[in-house]
Amino acid sequence: MKRYERFAEEISELIRSGVLTPGERVPSVRQASRHYAISPSTVFQAYYLLEKQGLIAARPRSGYFVREQAKLFLNEPEMTQGHPETADIAVSELVFSVLGSLQNIETVPFGSAFPSPELFPLPRLARSMAKGLRELSPNAIIADMTAGDAGLRRQIALRYRLAGVHLPPQELVITNGAMEALNLGFQCVTQPGDLVAIESPAFYASLQVLERLKLRAVEIPVHPREGIDLDKLADSLAKYPIKACWLMSHLQNPLGASLSDAKKQALYALLKKHQVPLIEDDVYAELYFGDKPPTPVKHFDDDGLVIHCGSFSKCLAPGYRVGWVAGGRYAESISRLKLMTTISPSVPAQVAIADYLQHGGYDRHLRKLRLALKTQQGQMLAAAARYFPAETRATRPAGGYFLWFEFPKQVDSLRLFQMALAQGISIAPGPIFSATQGYQNCARLSYGHPWTPRSEEAMAILGEQLKEMLASV
C-alpha cells in the first residue's frame, strides 16, 4: 500500500471503531501532515480516497467531516451451515436464469461475475497481440499446442515465484480459462458418482462442473473471514469416501474468505494424510488489498496432491479465456485429457498476454486495479449501511470484488432477484451458490464496476425492496 492508502486506512479504522464519530471534524490537512509526518499532498490524496468511499465529506471553508452514516457498517455474517450429508447437484437451470439477466447492458451489474472492462488495459493488450504474432515462430504453434505458449508458461512460473512457489514451467498447462482447468482437474481424479468435498456456499460454476460430471457434493461450512471449517472437513473425510476436495483458499467466491498460512498448511496436512487431491481454484490471487501476495496451498505441496488453477480473466483480460493448471502428480494426465478435448487455447490470446506480462507493466496495472476495487468496496459497504435493513450482515473481504449479504430470515433472495430485475438491477441470489439451493436469505453483490449515481440509486432501490419484503411478512 502507498503511504496515502495506509493513512486513509488509519482514519477509516478510527471511524469504524467510533473514535471519530459521525459529524465530527477529522484532522485538518495541516494537523494531519504535522502529526503523522506526511506531506500535505499525501493527506489530500487520503481524504479524496475517503470521500470516494463515502466516509467523509468536505464542507466549504470548514474542512473534512465524518459523514453521518459513516460508522454504520453492517455486522459480519457468522459461520455458514454446510450440508451434513451427501447431495446430488441440480443448479444449472437456476444459474442460467440468473446469468441471462446480465445480457442487457443497461442493467446495473451487481450480479456480474466479472469486473468492469473499463478497469483493464485492453488497448495495450491489443498492441501486445500484434507484436506477439509478428514475432511468433510457426514451429512454436505446433510444438506448444497442448501445453501452451512457452513464453507465457515462463511468465506464469515467475508469478508463482513471487508467491513463494517454485514451479517448473513443464508442470503448467495453458487452458481455455479456469473453467477448463477445473474440469480437467476433476476428470483426472474422479469418476461419475464420486463424492467431492466443497465449500458452502460455493461458486456456482464449480457446482455446474460437478453436475455435468455427475459428481456428488459434501458441503463444508465456511467462516466469512477465516475460510473453511477444518474440523468439519476432517469429520467428513473420516466419514465418507471423498475422492477430491475443491476450494478457494484465498478470496473465496462468494464470501471473500481467505485462509491464513497456518490454516493452509493444516489443510494440506489433512488432505495428505487421507491422500485426497485438492483442486485449488485461485483465480482471485492477484486481487488482494494488502502489501504481500497470498501464499497458495500449492506452496506446501510436497507430494504433488494440489491441482492449482488460475486465470487472467478476473485480473487482466476478460474475454481472452486464458487460464492455466499446475497439475502436480496429475500434470501428464491433464495434458493428455486436454489433447483429447480442446487441444489448444487461442494462440493470439496467449502471445498477447505473454508479451504484456513481460513488457506491459502488469504490476502497475494491478496496483491501479486493486485501488479501484478497494475504493468501490468502501462505496458499496457505505451505501448498504445507508439503505439496507439494520439487521443485514455483510462480509468485508481483503480483496476481490464481491460482498456477501445475509438478510433477515424472512427475505427470499430469489424473489428479491426478480423484483430487482424489474427495476433494471441484477443480483446473484444465494441459492445458486449451494448444492442444496440453501442460503435463501442471502445474495452476492459485485462492486467490480465503477461507482456511479446509478449504482447509489440501485442500492437505495434494493433497500426499499428489502424493507417492503420484511413489512409484508
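Refer to the structure above for everything that follows.
A brief look at the structure comes next. It should be emphasised that the depicted structure is a prediction, and the values quoted were computed from it without experimental measurement.

Thoughts on the nonpolar core
In this structure, Phe 110 and Phe 312 are the most contacted members of the largest nonpolar core, which totals 133 residues. Among the elements that make up this core, the one with the highest residue count is helix α14 (residues 362-387) (nine residues). Excluding anything up to four places from it in sequence, Phe 110 contacts Met 380, Ile 425, Ser 426, Ile 427, Arg 444, Leu 445, Ser 446, Trp 451, Ser 455, Ala 458, Met 459 and Leu 462. Counting residues in hydrophobic clusters, the runner-up holds 19 residues, among them Ala 8, Ile 15, Val 26 and Ala 32.

A word on the pattern of salt bridges
For the structure on display, the rule yields 17 salt bridges. The salt bridge involving Lys 338 is made with Glu 180; its shortest N-O contact spans 3.2 Å. Taken together, the residues span a long stretch of sequence, with Lys 338 in helix α12 (residues 331-340) and Glu 180 in helix α8 (residues 177-189) at a distance of 158 residues. Of the two residues, Lys 338 and Glu 180, both sit in the buried class. Taking the shortest distance from any N to any O, the salt bridge between Arg 454 and Glu 457 comes out at 3.4 Å. Remark: Glu 457 and Arg 454 occur in helix α16 (residues 453-471); sequence separation between them is three residues, near one turn of the helix. Classification of Arg 454 as partly exposed rests on a relative accessible area of 30%. A relative accessible area of 43% means that Glu 457 is categorised as partly exposed.

Remarks on the pairing of strand β1 (residues 56-59)
On any regular strand, side chains alternate: one points to one face of the sheet, the next to the other face. Note: β1 against strand β2 (residues 63-66), four bridges, orientation antiparallel. Note that in β2 the partner of Ile 56 across the bridge is Val 66. Joining the antiparallel neighbours β1 and β2 is a turn of three residues, in which Arg 61 adopts a positive phi near 60 degrees.

Some thoughts on the packing of helix α15 (residues 413-422) against α16
Orientation of α15 relative to α16, taken along the N-to-C sense of each, is 135 degrees, at an axis distance of 10 Å. It follows that α15 is oblique to α16 by the angle criterion. Here α15 runs over α16; the crossing is right-handed. Only Leu 462, Gln 465, Leu 466, Glu 468 and Met 469 of α16 make contact with α15, whose side of the interface consists of Arg 415, Leu 416, Met 419 and Ala 420. Of the residues assigned to the contact of α15 with α16, the class counts are six nonpolar, one polar and two charged.

Criteria and cut-off values
Residues numbered from 1 in each chain as written. Predicted model: local features only at pLDDT ≥ 70, side-chain atom pairs only at ≥ 80, totals over all residues. Heavy atoms only, no water. Core = buried A, V, L, I, M, F, W, Y, C linked by side-chain atoms within 4.5 Å. Buried < 20%, exposed > 50% of the residue type's maximum accessible area, 1.4 Å probe, protein only. Helix = DSSP H or I, 4+ residues; strand = E, 2+ residues; numbered from the N terminus. Contact = heavy atoms within 4.5 Å. Salt bridge = Lys/Arg side-chain N within 4 Å of Asp/Glu carboxyl O. Pairing = 2+ DSSP bridges. Axes fitted to C-alpha atoms, helices over the stretch in contact; angles between N-to-C directions. Parallel < 35°, antiparallel > 145°, perpendicular 65-115°, else oblique. Left-handed = near helix turned anticlockwise from the far one by under 90°. Nonpolar A, V, L, I, M, F, W, Y, C, P; charged D, E, K, R; others polar.

These results come straight from atomic positions and should not be treated as a statement about function.
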